[in-house]
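Breakdown of the fold
So you can see what is in the structure, the chains are spelled out below.
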Amino acid sequence: EFKSNSLISSGINAEYGECKGYSLEELRLQVSVHNAPVDLDSSSFGMSGLKLMGAMHGDGKLKITEDIMTDLVYTKISWVREQDIQISGKQITLPVYLNNTRTTLVETLNFSTDQDKFYERGVAILCTSLS
């Protein structure tokens, strides 16, 4: 069962924070999108099959597209100390919904971009395209 903010409340961040001696308030999620599975360390996990509505991911950034839905082939999500995050360019926070009904918010994730109008176009990430 998915619950709102399930990624943040999961045991992964608590275990990582305790192991490294960090408080939970110091940790943030960092997202990277790849065309194939990548190696994971103890502070990260990978997801395949996420859907991106109204945008595409290319060259390390989100871009507006006319396509209704595109695939995020492999998404790596890592717990990182906030002070260690290196931000390049604009960041956008997108909602991650359980499905296309958009009634169950799972999480919000930050992505790099150099464009605007994501919110106006209703761009979001879906865990499944089934309703």
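Above: the structure in question.
Model, not experiment: these values are computed from the prediction.

Calculation notes
- Residues numbered from 1 in each chain as written.
- Predicted model: local features only at pLDDT ≥ 70, side-chain atom pairs only at ≥ 80, totals over all residues.
- Heavy atoms only, no water.
- Buried < 20%, exposed > 50% of the residue type's maximum accessible area, 1.4 Å probe, protein only.
- Contact = heavy atoms within 4.5 Å.
- Polar contact = N/O pair within 3.5 Å; in protein donor to acceptor, adjacent residues only side chain to side chain.
- Helix = DSSP H or I, 4+ residues; strand = E, 2+ residues; numbered from the N terminus.
- 1 Å grid on protein atoms, 1.4 Å probe; cavity = no way out; pocket = protein on both sides within 12 Å on 5 of 7 lines; lining within 4 Å.
- Points joined across faces, edges and corners; volume = space filled by probe spheres on them.
- Core = buried A, V, L, I, M, F, W, Y, C linked by side-chain atoms within 4.5 Å.
- Pairing = 2+ DSSP bridges.

1. As for the environment of Arg81
Among the residues examined, Arg81 registers a relative accessible area of 18% and is labelled buried. Aside from chain neighbours lying at most four places away, what touches Arg81 is Tyr22, Glu26 and Leu27. Within the structure, the side chain of Arg81 is placed 3.4 Å from the side chain of Glu26, a separation counted as a polar contact.

2. Some points on the environment of Arg102
Within the element layout of this structure, Arg102 appears in the loop between β4 (90-97) and β5 (105-113). Considering only alpha carbons, one finds Arg102 and Ile125, 23 residues apart in sequence, at a separation of 9.5 Å. Residue contacts for Arg102: discarding those within four places in its chain leaves Met53, Tyr97, Gly122 and Ala124. A distance of 2.8 Å separates the side chain of Arg102 from the backbone oxygen of Gly122, its partner in a polar contact.

3. A few points about the layout of surface pockets
Counted as a void, the largest pocket has a volume near 580 Å³. Taken together, 26 residues form the lining of the largest pocket, with Leu29, Gln30, Val31, Gln91 and Asn110 sitting closest to its centre. Sorting the residues of the lining of the largest pocket by element identifies β1 (27-34), β4 and β5 as the ones contributing at least two each.

4. Regarding the nonpolar core
Ranked by internal contacts, the top residues of the largest apolar core, which has 22 residues, are Leu52, Leu62, Leu94, Leu109, Phe111 and Ile125. Secondary structure elements with two or more residues in this core: β1, β2 (44-58), β3 (61-81), β4 and β5. Setting aside chain neighbours within four positions, we find Phe111 in contact with Val31, Val33, His57, Leu62, Lys90, Gln91, Ile92, Leu94 and Ile125.

5. A word on the pairing of β1
Burial along β1 is one-sided: the face carrying Leu27, Leu29, Val31 and Val33 is buried and the face carrying Arg28, Gln30, Ser32 and His34 is not. Sheet topology places β1 next to β3; eight bridges connect them, and they run antiparallel. Along β3, the bridge assignment pairs Leu29 with Trp79.

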